[in-house]
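Commentary on secondary and tertiary structure
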Amino acid sequence: MPAVRFDHVTKTFRGARGTVQALDGVSFDIEPGEFFGLLGPNGAGKTTLISILAGLAQASGGRVEVMGHDVVSDFAAARRALGIVPQELVFDPFFSVRETLRIQSGYFGLKHNDDWIDELLANLGLADKGSANMRQLSGGMKRRVLVAQALVHRPPVIVLDEPTAGVDVELRQTLWHFVARLNREGHTVLLTTHYLEEAEALCGRIAMLKHGRVVALDSTSALLSGMASTMLRFKTDAALPPALAARARVTGRIVQLKAHDAAEVERDLGALREAGVAVEDLEIGRADLEDVFLGIMGEQG
Ligand SMILES: Nc1ncnc2c1ncn2[C@@H]1O[C@H](COP(=O)(O)OP(=O)(O)O)[C@@H](O)[C@H]1O
Ligand SMILES: [Mg+2]
């Protein structure tokens, strides 16, 4: 039995400005114990898929199961198997951190949960914030509480919807350290992000979503090995040698060149030197996900 099953899931939003097909037949399984990445640019449908998984939105078609429980017909069991860290910061400003976590425990019928609550607070760098009021916390601290809240009932499946968008480095590290530990201990993790490096570091498999469709699904290593994932950026006033010009993305004086590995970067720099092209502000970085997508879409057609 998969931990999560998406089976031909569709979602159409109808509004004043017409209809949006947010999901267009999404099917894939996540196996128990996987650290699974759902990647895609803004608007790809990631949050919509997670809202349907969480029972917060209803699919227009298809089925979703969590640990064998249908999220519609068997909602309570499916919800109990899930811990969801939402993309948006939603919280009740009138409660303290500990009260918030006790109330959440109550939703799942857990009365004496303070040992686990203390462990969550300690692991998320919130040990001294238990009695702080939610409205007094910084954005980063609120996000930590949201993570604790999602984990209060020790769900087998943990879902994080862009948990690190706009978040400081320290929180990222705390979060990934803790989530990686939970995954080692057997929890299934579904992470949505548009940071390729995060997914690369953490996820064993990745599905890529674009316009509500799965455009790639494979092990992380298989996906990345086939892609040009290094990006060379520089400024120049000179014309590029034709072989490089054909591969380059040029915006005014800024040139971007994708490469598969360090050797290809060296060859490109050599070609520029030979052609006598003077470069300024040279940077070597990771291709962003948009570039990776362009690569995948290009290969497909
Ligand atoms: N409640 C809604 N009403 C109308 N359109 C929506 C709603 N929620 C999402 N959408 C649209 O569905 C598409 C997918 O959005 P979303 O799932 O939020 O993508 P992502 O999380 O990948 O950025 C977008 O085009 C978005 O504008
Ligand atoms: Mg989203």
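Residues numbered from 1 in each chain as written. Chains lettered and ligands numbered in written order. Predicted model: local features only at pLDDT ≥ 70, side-chain atom pairs only at ≥ 80, totals over all residues.

Looking at an unreviewed UniProt entry, one finds the chain named ABC transporter related protein, with Rubrivivax gelatinosus as its source organism. Turning to the chain, the UniProt record has this under Sequence similarities (unreviewed entry): "Belongs to the ABC transporter superfamily." (UniProt positions renumbered as here; feature names shortened; annotations may be inferred.)

Quick notes on the overall build of the chain
Per the secondary structure count, the chain includes 11 helices and 14 strands. Projected onto its principal axes, the C-alpha coordinates of the chain cover approximately 75 × 45 × 40 Å. Within the chain, buried positions represent 33% of all 301 residues. Counted over contacts in the chain with a minimum sequence separation of 6, partners at least 24 positions apart contribute 69%. (Helix = DSSP H or I, 4+ residues; strand = E, 2+ residues; numbered from the N terminus. Buried ≥ 20, exposed ≤ 12 C-beta atoms within 10 Å, placed from the backbone. Contact = placed C-beta atoms within 7 Å.)

Thoughts on the site of ligand 1
Lining the immediate surroundings of ligand 1 are Phe13, Gly15, Val20, Ala22, Gly40, Asn42, Gly43, Ala44, Gly45, Lys46, Thr47 and Thr48. Counting only elements with at least two residues in the shell around ligand 1, the list comes to β1 (4–15), β2 (18–30) and α1 (46–53). At three residues, α1 tops the list of elements feeding residues into the shell around ligand 1. Tallied by class, residues from the shell around ligand 1 come to four nonpolar, seven polar and one charged. (Near = placed C-beta within 6 Å. Nonpolar A, V, L, I, M, F, W, Y, C, P; charged D, E, K, R; others polar.)

Looking at the nonpolar core
Of all hydrophobic cores here, the largest spans 61 residues; its most connected members are Leu53, Val66, Ala148, Val157, Val159 and Leu190. A total of six residues in this core trace back to one element, the largest contributor, which is helix α5 (residues 139–151). In contact with alanine 148, other than residues within four places in its own chain, are Leu101, Leu120, Leu121, Leu124 and Leu126. (Core = buried A, V, L, I, M, F, W, Y, C linked by C-beta atoms within 7 Å.)

What about the domain arrangement of the chain?
Structurally, the chain comprises domain 1 (4–225) and domain 2 (230–300). Using C-alpha coordinates to define each centre, domain 1 is positioned 36 Å away from domain 2. (Domains from an automatic or database assignment.)

Concerning the sheet that holds strand β8 (residues 188–193)
Read across the open sheet, the six strands follow the order β6-β7-β8-β3-β9-β10; overall the sheet is mixed. Edge positions in the sheet fall to β6 (82–85) and β10 (213–219), since each of these pairs with one other strand and no more. Across the sheet, the mean angle separating the axes of adjacent strands is 15° when strand polarity is ignored. Those strands touched by helix α6 (residues 169–184) are β3 (35–39), β7 (157–161) and β8, and its axis lies near 155° from that of β7. (Pairing = 2+ DSSP bridges. Axes fitted to C-alpha atoms, helices over the stretch in contact; angles between N-to-C directions.)

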